[in-house]
Amino acid sequence: MPLFMELLEVLGATLRDVLPIAAVLVTFQLFVLRRPLPHPRRLLVGWIYVLAGLVLFLMGLEQAIFPLGRTMAAQLTAPSFLAAGGEGALAAVDPLAYGWVYVFAFAIGFSTTLAEPALIAVALKANELSAGAISAWGLRVAVALGVAVGISLGVYRIVVGVPLQYFIMAGYVVVVIQTFFAPKRIVPLAYDSGGVTTSTVTVPLVTGLGLGLAESVPGRNPIIDGFGLVAFASLFPMISVMAYAQASEWRSARGGSPGTPDPASRVASEEVQP
Amino acid sequence: MTWLRLMLRLVTGSARDLAPIVLVIAFMQLAVLRQPFPDLGSALVGLVMVLFGLTFFVRGLDLGLFPLGESMAHAFAQKGSLPWLLAFAFALGFGTTAAEPALILIAEEASQVAAQAGVIADTGAARSSYALGLRVTVALAVGVALVVGVLRILSGWPLHLMIAGGYVLVVVMTAFAPDEIIGVAYDSGGITTSTITVPLVTALGVGLASSIEGRNPVTDGFGLIAFASLTPMIFVMAYGLLI
């Protein structure tokens, strides 16, 4: 029963992750707050759901998504596949020869972010607190587009070999400028969305892509150039979420009527022309 | 019956969340790489597990993680003891980060980079003490981040000025920090916040902001995660400068 052994293994790993969190919560609850929690049975059921859900989710990813994603990243960045794009393209490090790698980076960044459980959590909370003014789906699409653009740019950086810090510093300057123009309500949420994008689903796939690419492109060191994609994936969502909020604000200011907002297509049209 | 209907609605939502990944992988595999799926059966089983896993997680958020985070935040606000609240924030940040598997992995890789660059001796002991130091640094950073973030919620300091100031500090430190630590430092900002920590920390912030008069849960409650992704960069670069 290899599946059962794997179940035990993932369960053990997840419990080990949760243990320090549970220890902190229980210690403070029992020794500092010393007051009974409301609905203890509901809470317990909820935690069991969260644990069981995470275990199933991780096992399924390991079974269905990660092996394919890793082989894909390896195949797309293999010199033989890249060389098929054009004669001697690899030797000259022609950035255009890596066309499918950018497409893959964009698509995988976008789609894995939409499935990221931590982002779902934050989007649900934001939607609930804003009484529906911040659409959960719109926020997630905006974040996913940010991650997609960020990872594509990060891949481009590995191909051409520009130092990471130039991109990141330029990104921070954009974030700081946007902060002064974006609606105040969205700013904390935009900052938070940078940190939540990269956890369970995105990181393993994206790291494989970066390392594979740094190995195949001549003149790159996988240990030094392989890092940094996660940084791109946490920077660009801030920009795209603030852009999304600015776009919706301009739109409602110009249109006058709230109408039926279609944030997905709205953000898409904003993002296509950088 | 209502439970069944609720679960059905949640499963549909999860299916929508997962459809893009399936489409991307299928398109890449069939149209670009032009290869059949190596093991379709086990991939399908895995997909069903992912679908139900996500569904249970989302239901568990509403039943368990959010209510616990918020009710503890309310309880701390009622207790009115600032030192205990800050101790709780620090312990939550430090405790959840020190054991984070993604961080353990990155710390090990970073110790190899440092050994290659000649910053530390290339021995097992030197590498593992460097990796441990890095982990403690990042965990401290996240603990400090939550303390600062909670103080901000209580006092109403402007978040954007603090974060913008933090970025300026990151940019300045980048100019001085050794090259081999920069990639690691930037990445460590993104990996510190795990899937269970994020909902808990969000609920803590929102719960605090909603139990203190004059604070708005949307503008004041969010922002804790932002600090937790910013301070590790500063702390890790400082670590690189000191070693």
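Residues numbered from 1 in each chain as written. Chains lettered and ligands numbered in written order. Predicted model: local features only at pLDDT ≥ 70, side-chain atom pairs only at ≥ 80, totals over all residues. Heavy atoms only, no water.

Overview of the overall build of chain B
Check the secondary structure of chain B and you find 10 helices and zero strands. Put simply, chain B runs from its N terminus to its C terminus through helices and strands in the order α-α-α-α-α-α-α-α-α-α. Judged by the C-alpha coordinates and their principal axes, chain B covers about 55 × 55 × 30 Å. By sequence separation, contacts in chain B at least 24 residues apart represent 80% of the contacts at least 6 residues apart. Accessible surface, chain B: about 9,500 Å² in total, of which carbon and sulfur atoms supply 68%. For chain B, the distance from the average site of its 10 positive side-chain charges to the average site of its 13 negative ones is 12 Å. (Helix = DSSP H or I, 4+ residues; strand = E, 2+ residues; numbered from the N terminus. Contact = heavy atoms within 4.5 Å. Areas by Shrake-Rupley, 256 points an atom, 1.4 Å probe, with all protein chains shown as cover. Lys, Arg positive; Asp, Glu negative; His and termini not counted. Charge placed at Lys NZ, Arg CZ, Asp CG, Glu CD.)

Re the interface of chain B and chain A
With 94 residues of chain B at the interface, the matching set in chain A holds 90 residues. Between chain B and chain A, a total of about 8,200 Å² is buried, with carbon and sulfur atoms accounting for 80% of that surface. Our count for the contact surface shared by chain B and chain A stands at two salt bridges. Note that Glu70 of chain B is salt-bridged to Lys125 of chain A, the shortest N-O span being 2.5 Å. Summed over the shared surface of chain B and chain A, the number is eight residue pairs in polar contact (both at pLDDT 80 or more). At 29 residues, the largest contribution of residues to the side of chain B that touches chain A is made by helix α2 (residues 40–79) of chain B. Grouping the constituent residues of the side of chain B that touches chain A by class yields 62 nonpolar, 23 polar and nine charged. (Buried area = accessible area lost by both parts, 1.4 Å probe. Salt bridge = Lys/Arg side-chain N within 4 Å of Asp/Glu carboxyl O. Polar contact = N/O pair within 3.5 Å; in protein donor to acceptor, adjacent residues only side chain to side chain. Nonpolar A, V, L, I, M, F, W, Y, C, P; charged D, E, K, R; others polar.)

Comments concerning the nonpolar core
Grouped together as the largest cluster of nonpolar side chains are 159 residues, with contacts concentrated most on Leu25, Val155 and Tyr191 of chain A together with Phe88, Leu92, Tyr186 and Ile196 of chain B. For this core, the element with the most residues is α2 of chain B, which contributes 14 residues. Not counting residues within four places of it along the chain, the set of residues in contact with Ile196 of chain B comprises Val18, Ile21, Trp47, Val50 and Leu54 of chain A together with Leu65 of chain B. (Core = buried A, V, L, I, M, F, W, Y, C linked by side-chain atoms within 4.5 Å. Buried < 20%, exposed > 50% of the residue type's maximum accessible area, 1.4 Å probe, protein only.)

Some remarks on the layout of surface pockets
When its volume is computed, the largest pocket comes out at roughly 1,300 Å³. Lining the largest pocket are 47 residues, with Pro204 of chain A together with Glu100, Pro101, Ala102 and Leu105 of chain B positioned closest to its centre. Going through the elements one at a time, α1 (2–33), α2 (40–77), α9 (202–216), α10 (222–225) and α11 (229–255) of chain A together with α4 (101–117) and α7 (179–191) of chain B are the ones with two or more residues in the lining of the largest pocket. Of all the elements, α4 of chain B adds the most residues to the lining of the largest pocket, at nine residues. For the lining of the largest pocket, the per-class residue count stands at 25 nonpolar, 14 polar and eight charged. (1 Å grid on protein atoms, 1.4 Å probe; cavity = no way out; pocket = protein on both sides within 12 Å on 5 of 7 lines; lining within 4 Å. Points joined across faces, edges and corners; volume = space filled by probe spheres on them.)

Here's the deal with the confidence of the model for chain B
Segments scoring low in pLDDT should not have their predicted coordinates read at a detailed level. For chain B, per-residue confidence averages 88 on the pLDDT scale, and 100% of positions sit at 70 or higher. Under the prediction, the complex receives an ipTM of 0.86, its pTM being 0.85. (pLDDT = per-residue confidence, 0-100.)

A word on the pattern of salt bridges
Under the defined criterion, the tally for this structure stands at four salt bridges over all chains. Arg140 of chain A is the partner of Asp17 of chain B in a salt bridge, and the nearest nitrogen-oxygen pair spans 2.8 Å. Here Asp17 of chain B, found in helix α1 (residues 2–32), pairs with Arg140 of chain A, found in helix α6 (residues 136–160), and the two come from separate chains. When sorted by exposure, Asp17 of chain B lands in the same class as Arg140 of chain A, which is buried. For Asp122 of chain B, the salt bridge is made with Arg127 of chain B, and the minimal N-O distance between the two is 2.6 Å. You can call Asp122 of chain B exposed: its relative accessible area is 55%. Judged by relative accessible area, which is 26%, Arg127 of chain B ranks as partly exposed.

Considerations on empty space enclosed by the protein
Over the atoms rolls a probe the size of a water molecule, and its path tells where empty space is left. Under the definition given, this model contains five cavities of 30 Å³ or more. Roughly 160 Å³ of volume is contained in the largest cavity. Lining the largest cavity are 18 residues, with Tyr172, Ser234 and Met238 of chain A together with Ser229 and Met233 of chain B sitting closest to its centre. Listing elements by their share of the lining of the largest cavity, those giving two or more residues are α7 (164–181), α8 (187–196) and α11 of chain A together with α6 (159–176), α7 and α10 (224–242) of chain B. Its boundaries defined by the atoms lining it, the second largest cavity holds a volume of some 60 Å³. Counting only elements with at least two residues in the lining of the second largest cavity, the list comes to α5 (124–155), α8 (197–211) and α10 of chain B. The biggest single contributor to the lining of the second largest cavity is α10 of chain B, with three residues. Among the residues making up the lining of the second largest cavity, the classes are represented as six nonpolar, four polar and no charged.

Brief notes about the packing of aromatic side chains
Inspection of every chain in the model, using the stated rule, returns 12 aromatic pairs over all chains. On the numbers, 5.0 Å between centres and 70° between planes, the contact of Phe28 of chain A with Phe88 of chain B is edge-to-face. Pair noted here: Phe28 of chain A is in helix α1 and Phe88 of chain B is in helix α3 (residues 82–98), and the two residues belong to different chains. Comparing Phe28 of chain A with Phe88 of chain B shows no difference in burial state: the two are buried. These aromatic residues form a ring-pair network of at least three members: Phe28 of chain A together with Phe76, Trp84 and Phe88 of chain B. Here the basic side chain of Lys125 of chain A rests over the ring of Phe66 of chain B, its NZ or CZ set 4.4 Å away from the ring centre. The ring of Trp137 of chain A has Arg16 of chain B sitting right over it, with the charged end atom 4.0 Å from the ring centre. (Phe/Tyr/Trp six-rings, centres within 6.5 Å; stacked < 30°, edge-to-face > 60°. Lys NZ or Arg CZ within 6 Å of the ring centre and 35° of its normal.)

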